[in-house]
Amino acid sequence: DVKVTQSSRYLVKRTGEKVFLECVQDMDHENMFWYRQDPGLGLRLIYFSYDVKMKEKGDIPEGYSVSREKKERFSLILESASTNQTSMYLCASSLLSGTGGYGYTFGSGTRLTVV
Amino acid sequence: KNEVEQSPQNLTAQEGEFITINCSYSVGISALHWLQQHPGGGIVSLFMLSSGKKKHGRLIATINIQEKHSSLHITASHPRDSAVYICAVHNNNDMRFGAGTRLTVKP
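Quick caveat, the model's predicted, so the values are computed rather than measured.

Peer 1: Any details on the pattern of salt bridges? Residues and values, ideally.
Peer 2: Per the stated rule, a full pass over the model turns up ten salt bridges over all chains. One salt-bridge network, in which partners are shared between bridges, spans A:Asp28, A:Glu30 and A:Lys71.

Peer 1: Account for the sheet that holds strand β1 (residues 4-7) of chain B, naming residues and giving values.
Peer 2: All names here are of chain B. As summarised here, the arrangement of the five strands in space is β1-β3-β8-β7-β6, forming an open sheet in which the pairing is antiparallel. In the strand order of this sheet, the two ends are held by β1 and β6 (52-56), each with one partner. Strand-to-strand twist across the sheet, computed as the mean angle between neighbouring axes with direction ignored, equals 15°. Sheet topology note: the β6/strand β7 (residues 59-64) ladder contains five bridges and is antiparallel. In the sheet register, Gly52 faces β7, and the bridge partner there is Ile63.

Peer 1: Quick rundown of the sheet that holds strand β3 (residues 19-25) of chain A? Include the residues and the values.
Peer 2: Residue and element names in this part refer to chain A. Taken in spatial order, the four strands make up an open sheet running β1-β3-β8-β7, and their pairing is antiparallel. Sheet topology places β1 (4-6) and β7 (64-70) at the edges, where each strand pairs with a single neighbour. Each adjacent strand pair in this sheet contributes to an overall mean axis angle of 20°, direction not counted. By the bridge criterion, three bridges tie β1 to β3 in an arrangement that is antiparallel. Counterpart to Val4 in the pairing with β3 is Gln25.

Peer 1: So what's going on with the interface of chain A and chain B? Which residues, and what values?
Peer 2: Reports of interface size often rely on the accessible area that becomes lost once the parts have come together. Each side of the interface is counted separately: chain A has 22 residues, and chain B has 20 residues. Buried area between chain A and chain B, summed over both chains or domains, comes out near 1,600 Å², and the portion from carbon and sulfur atoms is 57%. Our enumeration of links across chain A and chain B arrives at one salt bridge. The salt bridge partner of B:Arg96 is A:Asp59, with a shortest N-O separation of 2.7 Å. Breaking the side of chain A that touches chain B down by element, the ones donating at least two residues are β4 (31-38), β5 (42-49) and β9 (87-94) of chain A. Looking at the side of chain A that touches chain B element by element, the count peaks at four residues for β4(A). Of the residues assigned to the side of chain A that touches chain B, the class counts are ten nonpolar, ten polar and two charged.

Peer 1: Could you give me a rundown of the environment of B:Gln9, with the residues and numbers involved?
Peer 2: All names here are of chain B. Relative to the helices and strands, Gln9 is located in the loop between β1 and β2 (10-14). Along the sequence, Gln9 and Arg102 sit 93 residues apart, while their C-alpha atoms lie 6.2 Å from each other. Apart from the residues lying within four places of it in its own chain, the contact partners of Gln9 are Gly100, Thr101 and Arg102.

Peer 1: A description of the state of the cysteines should follow, citing residues and the corresponding values.
Peer 2: Residue and element names in this part refer to chain B. If you walk through the whole model with that rule in mind, you get two disulfides over all chains. With a sulfur-sulfur separation of 2.0 Å, Cys23 is cross-linked through a disulfide to Cys87. Taking the sign of the torsion about the S-S bond as the criterion, the disulfide between Cys23 and Cys87, at about -65°, is left-handed. Here Cys87 lies in strand β9 (residues 83-91) and Cys23 lies in strand β3 (residues 19-25), a separation of 64 residues in the sequence. The same class applies to Cys23 as to Cys87, namely buried.

Peer 1: Quick rundown of the environment of A:Leu11? Include the residues and the values.
Peer 2: Residue and element names in this part refer to chain A. Structurally, the position occupied by Leu11 is in strand β2 (residues 10-13). Classification of Leu11 as buried rests on a relative accessible area of 16%. Put simply, Leu11 and Met54 are 43 residues apart on the chain and 27 Å apart in space, counted from C-alpha to C-alpha. Once you skip the residues sitting within four places of it in the chain, Leu11 turns out to touch Val19, Leu21, Thr110, Arg111, Leu112 and Thr113.

Peer 1: Could you give an account of the side chain of B:Thr101, naming the residues involved and the relevant values?
Peer 2: Residue and element names in this part refer to chain B. One can find Thr101 in strand β11 (residues 101-106). Only 2.6 Å separates the side chain of Thr101 from the backbone oxygen of Pro8, close enough to count as a polar contact. If we skip the residues at most four places from it in the chain, Thr101 touches Gln6, Ser7, Pro8, Gln9, Leu11, Ile21, Ala83, Val84 and Tyr85.

The rules behind each value
- Every chain's residues receive numbers from 1 upward, in the order its sequence appears when written.
- Written order determines the labels here, with chains lettered from A and ligands numbered from 1.
- Per-residue local features are limited, in this predicted model, to residues with pLDDT of at least 70; the limit for side-chain atom pairs, both in listing and counting, is 80 or more; totals at the level of whole chains, interfaces and linings are taken over all residues.
- Neither water nor hydrogens contribute to the side-chain values; these are computed over all heavy atoms in the structure.
- Whenever Lys or Arg places a side-chain nitrogen within 4 Å of a carboxyl oxygen from Asp or Glu, that contact is recorded as a salt bridge.
- Here the rule is simple: two strands pair whenever DSSP picks up at least two bridges between them.
- Where helices and strands are cited, they refer to DSSP runs of H or I of at least four residues and of E of at least two residues respectively, numbered from the N terminus.
- Here an angle of 0 to 180 degrees is reported between the N-to-C directions of two axes, which are lines fitted to C-alpha atoms, with helices fitted over the stretch in contact.
- We call two residues in contact whenever any of their non-hydrogen atoms come within 4.5 Å of each other.
- Buried area adds together the accessible area that both of two parts lose upon being put together, with accessible area traced by a 1.4 Å probe.
- When residue character is reported, Ala, Val, Leu, Ile, Met, Phe, Trp, Tyr, Cys and Pro are called nonpolar, Asp, Glu, Lys and Arg charged, and the others, Gly included, polar.
- In this description, the term disulfide denotes a pair of cysteine sulfurs within 2.5 Å.
- The classification of residues rests on relative accessible area computed with a 1.4 Å probe and restricted to protein chains. Under 20% of the type maximum is buried, over 50% is exposed, and intermediate values are partly exposed.
- Pairing of N or O atoms within 3.5 Å defines a polar contact, subject to two protein rules: one partner must be a possible hydrogen donor and the other a possible acceptor, and residues neighboring in sequence count only if both atoms are side-chain atoms.

Everything listed is a geometric property; what it means functionally is a separate question.
Structure (structure tokens):
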């Protein structure tokens, strides 16, 4: 069964901490994505990556960075966590662009609370 | 204005009722997805469609490309259908999401 696995379901961090959210997929997908989901706003794209060591900013990259050293792993980094980054974070992966989103698969999400 | 609009935002139904969730979009797309998110966060893809109609069990999804509109129907609704349903449109490598419709089906 194909999977996108996020390392933590729930996290509580303090303001100013450096936070790492990990995502691993076992489908050999080229594309990986990080979203945050907030009530009334839907999913918003933070960063995506279409290849190892490649990254592109999404709609709301401020306060975040990413790392993709291996094809199967895409990490989201909050350099200095703030309370407005309290949210649900979802990772997704998909096949190459131009495939109409075929194989778009989401992880189970990480609910991050920054106190 | 959001590129993907869903209605209603919240929907409460009695078990057995026929349910319709609507999605309108304003951008060109290559495909439209209907996603289901249960409490706890995991998202599951229900349908991906680019034309016409698809059916899976009690779920039916339709799309009208000319009108830029899609509907998700649930027949004989059940409490286990309670979830957030999200419409998402896809164009090349860009995916845009609606805000979701929270469905509660009461026994």
